[in-house]
Amino acid sequence: MSLEIWSNCRAATMQPDAAVPYGLIEDAAIAVEGDRIAWVGAAAELPAAMRQRAGRHHDAGGALITPGLIDCHTHLVYGGDRAAEFELRLNGASYEDIARAGGGIASTVKATRAASEEELLAQSQPRLQALLAEGVTTVEIKSGYGLALEHERKCLRVARSLGALNPVEVRTTFLGAHALPPEFAGRADDYIAEVLRMLPALHGDGLVDAVDAFCERIAFSTAQTARVFEAAAALGLPVKLHAEQLSDSGGAALAARHGALSCDHLEWLGDEGAAAMARAGSVAVLLPGAFYFLRETRLPPVALLRQNKVPVAISTDCNPGSSPCTSLLLMLNMACTLFRLTPQEALAGVTSVAAQALGLPDRGVLAAGMRADFVAWDVQRPAQLAYAIGANPRRQTVFKGQPT
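In the nomenclature of an unreviewed UniProt entry, the protein corresponds to Imidazolonepropionase from the organism Caenimonas terrae. UniProt lists a comment for the protein under the heading Sequence similarities (unreviewed entry), and it reads "Belongs to the metallo-dependent hydrolases superfamily. HutI family." According to UniProt, the comment filed for the protein under the heading Function (unreviewed entry) is "Catalyzes the hydrolytic cleavage of the carbon-nitrogen bond in imidazolone-5-propanoate to yield N-formimidoyl-L-glutamate. It is the third step in the universal histidine degradation pathway."

Listed below in structure tokens is the structure:
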């Protein structure tokens with residue numbers, strides 16, 4: 001296995017215990033062996049044996065190198081779009097008007113069910129390519145627009161195919177408890193029973209890495225969500241939760257009791273939920289794209305999260321209805337400008353903390369033994385990644401030790 005050295009760079013290692021912001025090493029070297037980082041540190045301290053053994057030396061040209069970016073909450077696989085509804089809302093139509101006309105999530109379910117696997121793959125590929133162009137090396141993709149076994153299977157198969165066809169790792173999350181499909185209107189408990197039938201079948205197909213649910217007054221109750229989580233636990237699957245987006249429904253506390261990897265959205269999170277998340281080690285995933293697109297006015301309680309030492313991740317929430325966004329760099333800027341995160345918190349939120357939100361301890365920081373996923377940027381300071389609106393200074397991505 002050959003050893004390769006990357007040097008003439010500045011490395012934002014994002015190691016949380018680093019004594020300097022971002023864990024920044026000014027004149028750094030990174031040694032890569034296979035798909036792992038073998039060594040990282042000041043170039044002057046690179047072991048002579050490694051320097052001599054290296055089969056290839058890469059001159060990074062003074063670039064800033066960060067861990068590969070991680071988009072830890074997306075609904076990237078879906079059919080159609082909701083641009084017409086966007087226009088209707090801006091022309092004065094109410095949510096109820098649109099829903100009565102068959103719009104909202106029902107329209108995405110209809111389009112997703114109608115699309116073939118090949119069509120969904122063709123529609124999803126450009127969305128993923130946009131993320132990869134900004135240095136994303138790991139992405140989570142949820143189901144939840146099929147809402148029936150054959151269609152949830154189809155969406156998860158497409159997600160797996162995207163990972164096989166592109167230099168990125170795709171983590172799949174089963175979100176069958178996303179909304180009520182039209183054939184179960186008014187029968188939420190019956191639909192949850194159907195979700196519990198889908199889950200072992202999809203897990204048996206090797207299509208599920210985690211399980212999610214939407215716990216909210218317009219979606220599923222805490223009791224219904226608990227049934228889904230108990231079924232996930234029986235299969236040894238970790239759980240996540242869409243929680244406290246529209247009200248404080250107790251979802252975060254419930255998720256924490258089930259050891260959730262993350263609770264996501266959280267605009268209405270209260271003291272009890274934050275304390276429960278802290279005890280459980282659950283990550284708060286904030287989604288500034290949805291906050292912006294829906295013109296929300298209630299900010300997620302960042303001060304409360306800091307007070308309770310709940311780690312904060314950031315994600316695009318790429319979806320057709322509330323965050324049609326494929327720019328994780330834009331989310332860095334929005335997290336800072338809208339939610340008042342610091343640039344260091346925001347960058348951690350798409351690297352080290354995002355890895356934690358997916359239960360992936362082998363990435364998100366630059367350190368020996370970690371997976372060799374990193375990005376070279378044409379910037380001088382890490383804060384520049386969150387500063388410029390619409391900029392993409394990515395020079396090169398390295399995925400599993402291989403330049404892409």
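In this section: the overall build of the protein. When you go through the protein residue by residue, the secondary structure sums to 16 helices and 15 strands. Over its C-alpha atoms the protein spans a radius of gyration of 21 Å, differing by no more than 12% from the 22 Å that the globule rule assigns to 404 residues. Principal-axis analysis of the C-alpha atoms gives the protein an extent of 70 × 45 × 45 Å. Scored against the burial criterion, the 404 residues of the protein give a buried share of 57%. For the protein, contacts bridging at least 24 residues in sequence account for 71% of all contacts bridging at least 6. Approximately 16,000 Å² of the protein is accessible, and the part contributed by carbon and sulfur atoms is 53%. When the 35 positive and 43 negative side-chain charges of the protein are each reduced to one mean point, those points stand 1 Å apart.

The side chains of a regular strand alternate between the sheet's two faces. Sheet analysis places strand 1 (residues 3-12) next to strand 4 (residues 56-67), joined by seven bridges and oriented parallel. Looking at the pairing, Trp-6 lines up with His-58 of strand 4. Summarising the sheet, strand 4 and strand 13 (residues 374-377) pair through four bridges and their orientation is antiparallel. The partner of Ile-65 across the bridge, within strand 13, is Ala-376.

What follows is about the sheet that holds strand 7 (residues 169-177). With respect to topology, eight strands assemble into an open sheet ordered 5-6-7-8-9-10-11-12, the strand pairing being parallel. Both edges of this open sheet fall to strand 5 (69-71) and strand 12 (312-314), since each of them pairs with a single strand only. Sheet twist, expressed as the mean angle between neighbouring strand axes with direction ignored, is 25 degrees. Examined bridge by bridge, strand 8 (residues 210-215) and strand 9 (residues 240-243) share two bridges and lie parallel to one another.

Pairing is mixed in the open sheet, where seven strands are placed in the order 3-2-1-4-13-14-15. Only two strands of the sheet have a single neighbouring strand rather than two, namely strand 3 (36-42) and strand 15 (402-403).

It is worth spelling out the layout of surface pockets at this point. A volume near 550 Å³ is recorded for the second largest pocket. Lining the second largest pocket are 26 residues, with Pro-311, Val-312, Ala-348, Ser-352 and Val-353 positioned closest to its centre. Elements supplying a minimum of two residues to the lining of the second largest pocket: helix 12 (302-307), helix 14 (343-349) and helix 15 (352-357). When the residues that make up the lining of the second largest pocket are grouped by side-chain class, the tally is 16 nonpolar, six polar and four charged.

Per the stated rule, a full pass over the model turns up 21 salt bridges. Ionic pairing is found between Glu-183 and Arg-113, a salt bridge with its closest N-O pair at 2.9 Å. Remark: Arg-113 occurs in helix 4 (residues 105-114) and Glu-183 occurs in the loop between strand 7 and helix 7 (188-204); sequence separation between them is 70 residues. Overall, Glu-183 belongs to the partly exposed group, its relative accessible area being 39%. For Arg-113, a relative accessible area of 21% gives the class partly exposed.

Here we take up the environment of Asp-81. Turning to its location among the elements, Asp-81 is positioned in the loop between strand 5 and helix 2 (83-90). By relative accessible area, which is 59% here, Asp-81 ends up exposed. Along the backbone, Asp-81 and Arg-295 are 214 residues apart, and their C-alpha atoms lie at a distance of 19 Å. Only 3.0 Å separates the side chain of Asp-81 from the backbone nitrogen of Ala-83, close enough to count as a polar contact.

With that settled, the discussion passes to the packing of aromatic side chains. Applying the stated criterion to the full structure yields six aromatic pairs. Arranged with centres 5.5 Å apart and planes meeting at 85 degrees, the rings of Trp-6 and Phe-374 form a pair that is edge-to-face. Highlighted residues: Trp-6 in strand 1 and Phe-374 in strand 13, separated in sequence by 368 residues. Taken together, a centroid distance of 5.3 Å and an interplanar angle of 20 degrees make the contact between Phe-86 and Phe-293 stacked. In this pair, Phe-86 is assigned in helix 2 and Phe-293 in helix 11 (residues 288-293), connecting sequence segments 207 residues apart. The class for Phe-86 is partly exposed, based on a relative accessible area of 37%. By the ring-pair criterion, three or more aromatic residues cluster together here, those being Phe-184, Tyr-191 and Phe-220. Its end group placed over the ring of Tyr-78, Arg-127 keeps NZ or CZ at 3.7 Å from the ring centre. The lysine or arginine in question, Arg-298, covers the ring of Trp-268, its NZ or CZ lying 3.8 Å from the ring centre.

Procedures and definitions
Residues numbered from 1 in each chain as written. Predicted model: local features only at pLDDT ≥ 70, side-chain atom pairs only at ≥ 80, totals over all residues. Heavy atoms only, no water. UniProt positions renumbered as here; feature names shortened; annotations may be inferred. Helix = DSSP H or I, 4+ residues; strand = E, 2+ residues; numbered from the N terminus. Rg over C-alpha atoms; globule rule 2.2 N^0.38 Å. Buried < 20%, exposed > 50% of the residue type's maximum accessible area, 1.4 Å probe, protein only. Contact = heavy atoms within 4.5 Å. Areas by Shrake-Rupley, 256 points an atom, 1.4 Å probe, with all protein chains shown as cover. Lys, Arg positive; Asp, Glu negative; His and termini not counted. Charge placed at Lys NZ, Arg CZ, Asp CG, Glu CD. Pairing = 2+ DSSP bridges. Axes fitted to C-alpha atoms, helices over the stretch in contact; angles between N-to-C directions. 1 Å grid on protein atoms, 1.4 Å probe; cavity = no way out; pocket = protein on both sides within 12 Å on 5 of 7 lines; lining within 4 Å. Points joined across faces, edges and corners; volume = space filled by probe spheres on them. Nonpolar A, V, L, I, M, F, W, Y, C, P; charged D, E, K, R; others polar. Salt bridge = Lys/Arg side-chain N within 4 Å of Asp/Glu carboxyl O. Polar contact = N/O pair within 3.5 Å; in protein donor to acceptor, adjacent residues only side chain to side chain. Phe/Tyr/Trp six-rings, centres within 6.5 Å; stacked < 30°, edge-to-face > 60°. Lys NZ or Arg CZ within 6 Å of the ring centre and 35° of its normal.

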